[in-house]
Amino acid sequence: MNVTLRIWRQANASAKGQMVTYQVQDVSKDMSFLEMLDMLNEQLSVSGEEPVAFDHDCREGICGMCGVVINGLAHGGAQTTTCQLHMRHFEDGAVIDIEPWRAGSFPVIKDLVVDRTAFDRIIQAGGFISSNTGSAPDAHAAPVGKLQADRAFDAATCIGCGACVAACPNGSAMLFTSAKITHLAMLPQGQPERYLRVKSMVAQHDEEGFGGCTNIGECAAVCPKQIPLDVISQLNRDLIASLFKKDGK
Amino acid sequence: MAITGLILIGFLLIHMYGNLKAFSGADAYNHYAEWLKTEVLYPLIPKGQFIWIFRAFMLAAIVLHIGAAWHLTKRAHAARSTKYVAKKTIQQTYESRMMRWGGVILAALLVFHLAQFTVQAIHFGFKPGAGAYEMVVAEFQMFPMVLLYAVWVGVVCIHIRHGFWSAFATLGANTSAKAREVLNALAWVVAVLLFVGFMAMPVAVLAGVIK
């Protein structure tokens with residue numbers, strides 16, 4: 001199949017970017033979207049042009065690096081990562097728009113690559129548990145109910161790709177932050193720092209310049225890990241509770 | 001935003017119920033209007049004073065609601081400083097997209113509403129100082145006024161359709177996919193109830209049932 005790509009090209013963080021059109025011929029339907037971009041880059045290298053910079057790492061849908069907006073939707077709207085999106089999703093002769101995540105807190109580094117270290121700083125603000133080191137505890141020393149374990153696990157599948165921010169009309173990172181909050185709030189290990197955690201992480205989220213949540217739901221609709229929208233209510237519950245409760249009491 | 005929004009929805013539900021008193025005739029309606037203005041919580045609070053406490057409370061709720069909306073809008077615009085060249089949406093509702101501009105429209109028409117019925121600075125078909133019943137009957141015998149009122153109430157109800165569910169989600173009530181369905185369904189019920197309830201009286205006046 002042949003496709004026409006309109007790709008955001010931006011030389012560096014301060015340069016002005018624009019959409020540039022490229023043709024890619026003889027693409028296999030079984031290729032992943034990234035393999036198709038690799039083909040384009042080979043073609044560009046041969047002709048002496050600068051290849052398109054895009055982020056990627058594991059190429060098996062678990063690292064969250066390869067986020068781009070395809071045809072106006074994060075990861076093409078397929079609720080998967082770009083590496084797991086295959087060319088069979090597109091028609092022969094399709095015109096495909098590819099843009100980076102657009103968020104003030106995710107500045108473009110080059111072309112389709114954005115700086116997502118704002119997420120790291122939100123995690124550093126409280127997305128962890130403090131624990132004394134020593135020998136490994138006995139299995140089942142801290143029992144966890146099945147429902148809580150499932151909910152914690154579902155939330156923990158967040159790979160921090162940033163699709164929620166890219167899709168949100170407010171540029172909010174609430175789904176990401178809430179997934180981390182919910183993951184730890186469901187488990188006994190997360191309890192000692194529960195209320196300080198939610199305060200610090202929300203404060204850092206706002207500090208980074210992400211927008212506020214207005215419960216639109218675009219984030220959950222594009223999340224490659226299907227993190228449900230209700231984790232945001234979990235964060236809100238914990239945040240309200242943190243007004244009245246202190247950790248360890 | 002959520003708390004003030006729910007206060008305003010609560011007010012609208014009571015206001016709508018009060019308007020339906022018009023179906024009980026001029027005396028009942030005027031008596032109710034008079035009671036609101038002078039006798040609520042009397043003798044605990046001197047006559048005619050509760051209304052001012054209540055007005056201050058409503059004004060505070062409105063100002064805080066608009067302030068929060070302004071703050072959220074500014075943050076949202078800063079968070080998406082560069083716009084997408086091509087952007088599509090998957091699941092957002094029309095109501096949720098209309099929150100900001102709908103809010104501006106309904107606030108402007110709220111000023112018009114208060115200028116007519118509370119301050120009586122603007123008056124169509126009735127003289128200043130007219131009783132509550134006389135005022136609404138004169139007003140809503142005019143078709144354009146009923147139409148404008150319908151548009152306004154429509155905008156308010158569209159705002160509430162998203163606002164009701166969103167307020168509860170913000171307060172932590174969206175605990176599961178099922179809760180989300182229930183809250184959205186309730187939001188529909190409240191929005192439709194308010195629309196029907198508020199439009200009943202003007203339509204009845206226009207149709208000549210109330211005169």
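Residues numbered from 1 in each chain as written. Chains lettered and ligands numbered in written order. Predicted model: local features only at pLDDT ≥ 70, side-chain atom pairs only at ≥ 80, totals over all residues. Heavy atoms only, no water.

### Regarding the overall build of chain B
Looking only at helices and strands, chain B has 8 helices and 0 strands in total. For chain B, the N- to C-terminal ordering of α and β elements is α-α-α-α-α-α-α-α. C-alpha atoms of chain B, sized along the principal axes, occupy 55 × 40 × 35 Å. Burial analysis of chain B (211 residues in total) assigns 40% to the buried set. Put simply, of all contacts in chain B between residues at least 6 apart along the chain, 67% involve residues at least 24 apart. Accessible surface for chain B amounts to roughly 11800 Å². Of this, 73% is attributable to carbon and sulfur atoms. The centroid of the 17 positive side-chain charges in chain B is displaced by 19 Å from the centroid of its 7 negative side-chain charges. (Helix = DSSP H or I, 4+ residues; strand = E, 2+ residues; numbered from the N terminus. Buried < 20%, exposed > 50% of the residue type's maximum accessible area, 1.4 Å probe, protein only. Contact = heavy atoms within 4.5 Å. Areas by Shrake-Rupley, 256 points an atom, 1.4 Å probe, with all protein chains shown as cover. Lys, Arg positive; Asp, Glu negative; His and termini not counted. Charge placed at Lys NZ, Arg CZ, Asp CG, Glu CD.)

### A look at the environment of Gln84 of chain A
All names here are of chain A. By secondary structure assignment, the location of Gln84 is in the loop between strand 4 (73-74) and strand 5 (95-99). Beyond its immediate chain neighbours, meaning those up to four positions away, Gln84 contacts Arg59, Glu60 and Gly61. A polar atom in the side chain of Gln84 sits 3.3 Å from the backbone oxygen of Arg59. (Polar contact = N/O pair within 3.5 Å; in protein donor to acceptor, adjacent residues only side chain to side chain.)

### So, the packing of helix 6 (residues 132-140) of chain B against helix 8 (residues 177-207) of chain B
Residues and elements named next belong to chain B. Contact geometry for helix 6 and helix 8: axes closest at 8 Å, N-to-C directions at 70 degrees. By the angle between their directions, the pair helix 6 and helix 8 is classed as roughly perpendicular. Every pair of crossing elements has a handedness; the one defined by helix 6 and helix 8 is right-handed. Between helix 6 and helix 8, the contacting residues are Val136, Val137 and Phe140 on the first element and Met201, Pro202, Val205 and Leu206 on the second. Of the residues assigned to the contact of helix 6 with helix 8, the class counts are 7 nonpolar, no polar and no charged. (Axes fitted to C-alpha atoms, helices over the stretch in contact; angles between N-to-C directions. Parallel < 35°, antiparallel > 145°, perpendicular 65-115°, else oblique. Left-handed = near helix turned anticlockwise from the far one by under 90°. Nonpolar A, V, L, I, M, F, W, Y, C, P; charged D, E, K, R; others polar.)

### With respect to the interface of chain B and chain A
Contacts between chain B and chain A engage 33 residues on the former and 41 residues on the latter. Surface buried jointly by chain B and chain A totals about 2900 Å² across both partners, of which 48% is contributed by carbon and sulfur atoms. Area buried by chain B at its contact with chain A is led by Arg75, Tyr84 and Ile90 of chain B, which between them contribute 20% of it. The interface formed by chain B and chain A holds 1 salt bridge in total. Scanning the region where chain B abuts chain A turns up 30 residue pairs in polar contact (both at pLDDT 80 or more). Of all the secondary structure elements, the ones that give two or more residues to the side of chain B that touches chain A are helix 3 (50-79), helix 7 (143-170) and helix 8 of chain B. (Buried area = accessible area lost by both parts, 1.4 Å probe. Salt bridge = Lys/Arg side-chain N within 4 Å of Asp/Glu carboxyl O.)

### What to know about the packing of aromatic side chains
If you walk through the whole model with that rule in mind, you get 14 aromatic pairs over all chains. On the numbers, 6.2 Å between centres and 25 degrees between planes, the contact of Tyr32 of chain B with Trp35 of chain B is stacked. Remark: Trp35 of chain B and Tyr32 of chain B occur in helix 2 (residues 26-39); sequence separation between them is 3 residues, near one turn of the helix. Residue Tyr32 of chain B is classed as buried on the basis of its relative accessible area, which comes to 17%. By relative accessible area, which is 36% here, Trp35 of chain B ends up partly exposed. Ring geometry for Phe112 of chain B and Phe124 of chain B: centres 6.4 Å apart, planes at 55 degrees, overall tilted. With Phe112 of chain B in helix 5 (residues 99-117) and Phe124 of chain B in the loop between helix 5 and helix 6, this pair connects stretches of sequence that are 12 residues apart. Here a set of aromatic residues connected by ring pairs shows up, and it is made of Phe106, Phe119, Phe176 and Phe210 of chain A. (Phe/Tyr/Trp six-rings, centres within 6.5 Å; stacked < 30°, edge-to-face > 60°.)

### Quick notes on the domain arrangement of chain A
All names here are of chain A. Structurally, chain A comprises domain 1 (3-110) and domain 2 (116-129 + 143-241). Summarising the inter-unit geometry, the C-alpha centres of domain 1 and domain 2 are found 27 Å apart. In this assembly, 15 residues from domain 1 lie in contact with 20 residues from domain 2. In total, domain 1 and domain 2 occlude about 1400 Å² of area from one another, counting both sides; carbon and sulfur atoms represent 59% of this. Viewed at the interface, domain 2 and domain 1 are joined by 0 salt bridges. Taken together, the links from domain 1 to domain 2 amount to 7 residue pairs in polar contact (both at pLDDT 80 or more). (Domains from an automatic or database assignment.)

### As for a nonpolar patch on the surface
Taken together, the side chains of Ile240, Leu243 and Phe244 of chain A together with Ile3 and Leu171 of chain B define a hydrophobic patch exposed on the protein surface, amounting to about 530 Å² of accessible area. With respect to the helices, strands and loops of the structure, Leu243 of chain A is situated in the segment after helix 8 (230-241). (Patch = residues over 30% accessible without salt bridge, like charges linked within 9 Å, V, L, I, M, F, W, Y side chains within 5 Å.)

### Quick look at helix 7 of chain B
All names here are of chain B. Its 28 residues give helix 7 an end-to-end C-alpha distance of 40 Å, which sits within 8% of 40 Å, the value for a rise of 1.5 Å per residue. If you look at helix 7, its biggest bend is around 30 degrees, right at Ile160. With its phi angle positive at about 95 degrees, Gly172 sits one or two positions after the end of helix 7. (Expected span 1.5 Å × (residues − 1). Bend = angle between axes of the 7 residues up to and from the residue.)

### Concerning the pairing of strand 5 of chain A
Residues and elements named next belong to chain A. Within strand 5, 4 of the 5 residues are buried, leaving the element largely enclosed by the surrounding structure. Note that strand 1 (residues 3-9) and strand 5 share 4 bridges and pair parallel. By the bridge assignment for strand 5, Ile7 is matched with Ile98. One ladder, built from 2 bridges, connects strand 3 (residues 69-70) with strand 5; its direction is antiparallel. By the bridge assignment for strand 5, Val69 is matched with Glu99. (Pairing = 2+ DSSP bridges.)

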